[in-house]
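Survey of secondary and tertiary structure
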Amino acid sequence: MEDGHMREKCTALDHGTQDQQRQFICGVIEGFYGRPWTTEQRKDLFRKLKKLGMDSYMYAPKDDYKHRAYWRELYTVEEADHLSSLISAAKEAGIVFYYALSPGLDMTYSSQKEIATLKRKLDQVSQFGCEAYALLFDDIESELSKADKEVFQTFANAQVSVTNEIFTHLSGPKFLFCPTQYCASRAVPSVVDSEYLNTLGSKLNNEIDILWTGDKVISKIITIESVREITEILRRPPVIWDNLHANDYDQKRVFLGPYTGRSPELIPYLRGVMTNPNCEFYGNFIAVHTLAFWSRCSLDSKMNSSMSADIKLETENEDDLPVECLSKNVYHPRLALKNAIAEWLPEFFVEKEAFGPITKPQPQVEMVMPIIPIIPSINTCMSLTTTTTTSTNTRTVPEVNTTQLQALADVCSTVSSTLTPISNPVMNSLVSPTKVVTNDDIINPIPTTVASNIELPEKIPISIVPVAIMEAKGVEESSELNRDLFDPVKNTESAVGANQIESSKVDNLPLVEDIPIDEKREQVNSLSVDTMLDDHSLSPLSAGVIEPMECSSINSQISPKEVNKLMVADDVVMEDSANDMNSMHVESPSSSPVSNAEMHDEDELVAKSTAARTKISLEDLSLLCDLFYLPFEHGSRGLKLLSEFQWLKVNANVMLQVGASGTAGAGGDAAKPIKPEVSEWLQRSEGFAKLCAGVQDLLFKVADCENKEISHDLYSYVWDISGALSLLNGFVQWLALGHFPPNMSSYTEGSYTWFSKGWKEAFMSGEQEPWVFRGGLSADLQRLMPVDAGNDLFVYKLPEQPTANYYQIRPYRSSDETEINKICTRTYLQWQSNEDDDEILLPAHLADIVADAVVGAHLTLQPEFCVVAHDNTDSIVGYACGALDVNAFQRNVDICWLPELREKYPRTLLETDAAGSSKAHKMVAEFVETFHNCAAVCPSEVFGTFPALLSAGTLREAEQRDNGIVKRLLTVLLAALRANGCFGVHVCVPEQDTEQMSFYTKIGFIEVYRNEISKCIYLGRRF
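Rules and cut-offs
Residues numbered from 1 in each chain as written. Predicted model: local features only at pLDDT ≥ 70, side-chain atom pairs only at ≥ 80, totals over all residues. Heavy atoms only, no water. Pairing = 2+ DSSP bridges. Helix = DSSP H or I, 4+ residues; strand = E, 2+ residues; numbered from the N terminus. Axes fitted to C-alpha atoms, helices over the stretch in contact; angles between N-to-C directions. Contact = heavy atoms within 4.5 Å. Parallel < 35°, antiparallel > 145°, perpendicular 65-115°, else oblique. Left-handed = near helix turned anticlockwise from the far one by under 90°. Buried < 20%, exposed > 50% of the residue type's maximum accessible area, 1.4 Å probe, protein only. Phe/Tyr/Trp six-rings, centres within 6.5 Å; stacked < 30°, edge-to-face > 60°. Lys NZ or Arg CZ within 6 Å of the ring centre and 35° of its normal. Core = buried A, V, L, I, M, F, W, Y, C linked by side-chain atoms within 4.5 Å. Expected span 1.5 Å × (residues − 1). pLDDT = per-residue confidence, 0-100.

**Some thoughts on the sheet that holds strand E25 (residues 1016-1022)**
Pairing in this open sheet of seven strands is mixed, and the strands run E19-E20-E21-E22-E23-E25-E24 from one edge to the other. The outermost strands of the open sheet, each flanked by one partner alone, are strand E19 (808-811) and strand E24 (1006-1011). Averaged over all adjacent pairs, the angle separating strand axes in this sheet is 30 degrees, with direction ignored. Two elements, strand E22 (residues 948-954) and strand E23 (residues 984-990), share two bridges in a ladder whose sense is parallel.

**Remarks on unusual backbone geometry**
Pro 189 follows Val 188 through a cis peptide bond whose omega is -5 degrees. One can find Pro 189 in the loop between strand E5 (174-178) and helix H9 (195-203). Positive phi, normally seen in glycine, also occurs at Asp 139, with a value near 60 degrees. Its location among the elements puts Asp 139 in the loop between strand E4 (132-136) and helix H7 (146-149). One non-glycine residue, Arg 235, lies in positive phi territory at about 60 degrees. Inspection of the secondary structure puts Arg 235 in the loop between helix H10 (224-234) and strand E7 (239-242).

**Details of the sheet that holds E7**
Strand order in this closed barrel of eight strands is E1-E2-E3-E4-E5-E6-E7-E8, and the pairing throughout is parallel. Taken pair by pair, the neighbouring strands of this sheet meet at an average axis angle of 25 degrees, ignoring direction. In this structure, E7 lies alongside strand E8 (residues 272-275), joined through four bridges in parallel fashion. Bridge pairing in E8 places Asp 242 opposite Thr 275. The strands touched by helix H3 (residues 39-52) are strand E1 (25-30), strand E2 (56-59) and strand E3 (96-101); relative to E2, the strand with the most contacts, the crossing angle is about 160 degrees.

**Some words on the packing of H3 against helix H11 (residues 285-295)**
Here H3 crosses H11 at 30 degrees, and the two axes come no closer than 10 Å. Put simply, H3 runs roughly parallel to H11. Seen from above, H3 lies across H11 with right-handed handedness. Each of Lys 48, Leu 49 and Leu 52 in H3 lies in contact with H11, whose residues at this interface are Phe 285, Val 288, His 289 and Ala 292.

**Some points on the environment of Phe 865**
Within the element layout of this structure, Phe 865 appears in the loop between helix H29 (856-861) and strand E20 (866-870). Classification of Phe 865 as buried rests on a relative accessible area of 3%. C-alpha separation for the pair Phe 865 and Leu 977, spaced 112 residues apart in sequence, amounts to 7.5 Å. What Phe 865 contacts, discounting residues up to four positions off in sequence, is Trp 734, Ala 880, Cys 881, Gly 882, Leu 884, Leu 973, Ala 976, Leu 977 and Asn 980.

**A word on the packing of aromatic side chains**
Within this structure, the stated rule accounts for 42 aromatic pairs. Ring centres of Phe 731 and Trp 734 lie 5.8 Å apart, and the angle between their planes is 15 degrees; this geometry places the pair in the stacked category. Of this pair, Phe 731 and Trp 734 both sit in helix H23 (residues 708-735), three residues apart, which is roughly one turn of that helix. Accessibility assignment for this pair places Phe 731 and Trp 734 in one class, buried. Ring centres 6.1 Å apart and planes at 45 degrees place the aromatic pair Trp 734 and Phe 740 in the tilted group. On the basis of relative accessible area, Phe 740 is assigned to the buried category, the value being 6%. Through pairs of rings, three or more aromatic residues link up here, namely Phe 46, Tyr 57, Tyr 59, Tyr 75, Phe 97, Tyr 99 and Phe 128. Between the NZ or CZ atom of Lys 121 and the centre of the ring of Tyr 75, over which it lies, the distance is 5.0 Å. Positioned above the aromatic ring of Tyr 806, the side-chain terminus of Arg 968 is 4.5 Å from the ring centre.

**As for the nonpolar core**
Within the largest apolar cluster, 245 residues are counted, with the highest numbers of intra-cluster contacts made by Phe 97, Tyr 99 and Trp 344. Of the residues forming this core, the biggest block, 15 residues, is contributed by H23. Beyond its immediate sequence surroundings of up to four residues, Phe 97 is in contact with Phe 46, Tyr 57, Tyr 59, Leu 83, Leu 86, Ile 87, Ala 90, Cys 130 and Ala 132. Membership of the second largest hydrophobic core comes to 15 residues, among which are Ile 25, Ala 60, Ala 100 and Leu 176.

**A short note on helix H8 (residues 155-169)**
In a regular helix each residue adds 1.5 Å, so 15 residues correspond to 21 Å; H8 covers 22 Å between its end C-alpha atoms and thus fits that length. Burial analysis of H8 places 11 of its 15 residues in the buried class, the great majority of the element. If you check which residues of H8 are buried, you get Phe 155, Ala 156, Asn 157, Ala 158, Gln 159, Val 160, Val 162, Thr 163, Asn 164, Ile 166 and Phe 167. At the exit of H8 stands Ser 171, carrying a positive phi of roughly 65 degrees.

**A word on the confidence of the model for the protein chain**
Here the protein chain averages 76 in pLDDT, while 70% of its residues score no lower than 70. Note on residues 303-322: pLDDT is under 50 here. Beyond four places in sequence and across chains, it has 47 contacts.

See the structure below:
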């Protein structure tokens, strides 16, 4: 009966006549913040829209030069040529080109001079052949200026007056209007009672279509009931400005899931739907393709779209829906995704070259925000910026207390009105066909979001938490722009050490406090997993001036074939110099123990392995889409990664007996049977490792694909998530050794993770805007690592180009000792060598003296707290060794290790080796003297808060290839220490050893104690 009814409905429902179908607006809005698309990308989009049967495009890039910041300025001849060519290309493809302006930031509505300026600008565009226009008044202050208050009663009246006059002046073209209250949660006090919206409905010309985003800025679901409600108020059906796939608020997320949450049964109730998608042009194939599929349907399959990974619909077609109906009129998100992936795949094999380094297209942020409001990285796709945005909808909403909001939004806990300058660069996409040019000489007058003094209530309804308040400036009658710049709200909380403060500025991370767990455990619990909500969502390379792959300065726009292979300096998280994206670091030949020939051989090895690797496939793209699904959903394989790691961590205690007996995968007694629970744990850990390997393989394939423009757009996201999985897999391998106490869970259970009570329900509910849960799947994976107060450890500088040079983490094995000794020696000698000095050479019989002094005791006495980084051939490139209790460790060193070294390195060595280089001889003498004395006692000032001891080192060439390798090594080791109840670690460095000091400060260590007698500095960090 149901099948028959559905077939009947399939044939009965239709959009209406062909004329009505043509009137339905369906297309793409380029309306996000950050790097605009290029002229050639837009023309490519027009061709795709034509092929997909879509009909509209709106030019509205928020940060393009003369769209918003300098809306008054006319286009130059060069710019006019590009814009004219775009309009012509759209006409050729049958696409309506909507030219949009956003004058609301600083326009005086009552000024005839301002209106004349607006007319002149649109008249110029009309001469280019444009026949459709839009005025956008989103993201502006809703208070009228003093001059406007003398003329207009309300803000809505002012906007209506200007818009109607412009519409008439242009002879009534196709026209779109974006209101300031553009969604239900921003309607004041509600949609029905909003004076603003009712004024638009009654006074705005009926031929002008109004844009609407739904219940939220980013709406999970749009219902017929909500559309009917706004239609009644606006007295016309809305055009949906759909932000479902917008990602300009989060640098860790790109949305590759299907268009969903909107039934095709909405179509008769709408004037149109336009998607405002990802900033990455080549990341939008799925979003656009599935929207086109949706627009041709009239029924919804009513199926749950979150189970998307398989995209295997054979049985569903047969059992759940009639095949003939599903294929013609019924929209099924998984089927739409499957079809889109199949058509997307060939684009990966189209040879295209990309220009410049990889950088994120989203806006930069150098701010720490107060608790209220919850704020995206910069105003999200259409986030409101008015003090009157709090909705008072009558429906019951859940409440959270202030502490919960703090953890959810990961913002600082001090409300401050201090402003410091920040401004995004002015970009111009109309001066080159293939590049977006950043002009640093032009001041961007657009102020960024600033927070006002807001008294903090005890409880706040979740659904009405507003976004940032943007300060708008009064404007004089003249067209001169106010060029005052605003800085983000600075964090006023104290922190340990200036280095951490500098880190927070560069990495866009809220300040990481060193709060001793035993002293302020409750505070740490409330903030601990703030590690990755806002913070890690920014890659440091994007923290500086935005000069992405096709948005670089003119000087940097050269082909990769012409680019010198200069390596970016290590990510100095604590240094302001990270803002200079063009700074390079070149190692001198003498500074690296690996010769150029060896480096070339390694490059050839990587190239050969790349050539042997299979090309990207449908299954790979299915995985890619699953990892970066939708704002309120993770794909099923993403969920599987989360759940498998959590299961392995929670059930790791079964490995304690294995670790004690030395069996089960550790080379123990093979005849001894393995218990079923141990066998299950090992099998699932192996399965998890395969899942992680699949993601890393995807990273290599994306890096290796022929279409380098796609590679540049997507690589950084896969690189982020691959890095998170390398941490989790390394920790799982360490858990398999069973070196942790039975009560480990009390140390490793995070306060706010995917598995915390209510977390995923809140994430998936759609009640919160998605920027509350910053970072997506990458963040949820990182939050599972038991390392609190470690924001900086999850921030890495992006590679300049897509690369297969990526290292994995695993526990130390006894067979690694020789390689670690060599790396330790190389690293230490590099630290001791100045660039102008000759390389320090040690006699052959003393080749191991450095390693014996630095890591030998760790590898011998506590190998369970040693982890290594290795390449795909399992060659070691770095290590991190720890001692859980420095005092106990030093006692064992005195008893078990130093006697061997005294025998191996007697004091007589100093006499026989006196002829060596003075620097080498001095170094050997210092080590020998240390061996023949008792181990230094750790000061109580250090031991009380930082009881663990650390030693780490990586090859410089490995750091150049994979900038995050040191941090990932440290993260896994710190997780192992925390699993044993340790929350602080330190290193002891001679004060003259500046290179070693720099190495550790870059990974978050700060000075905690200085011994004036021994001239040693103790550096520590909490985790």
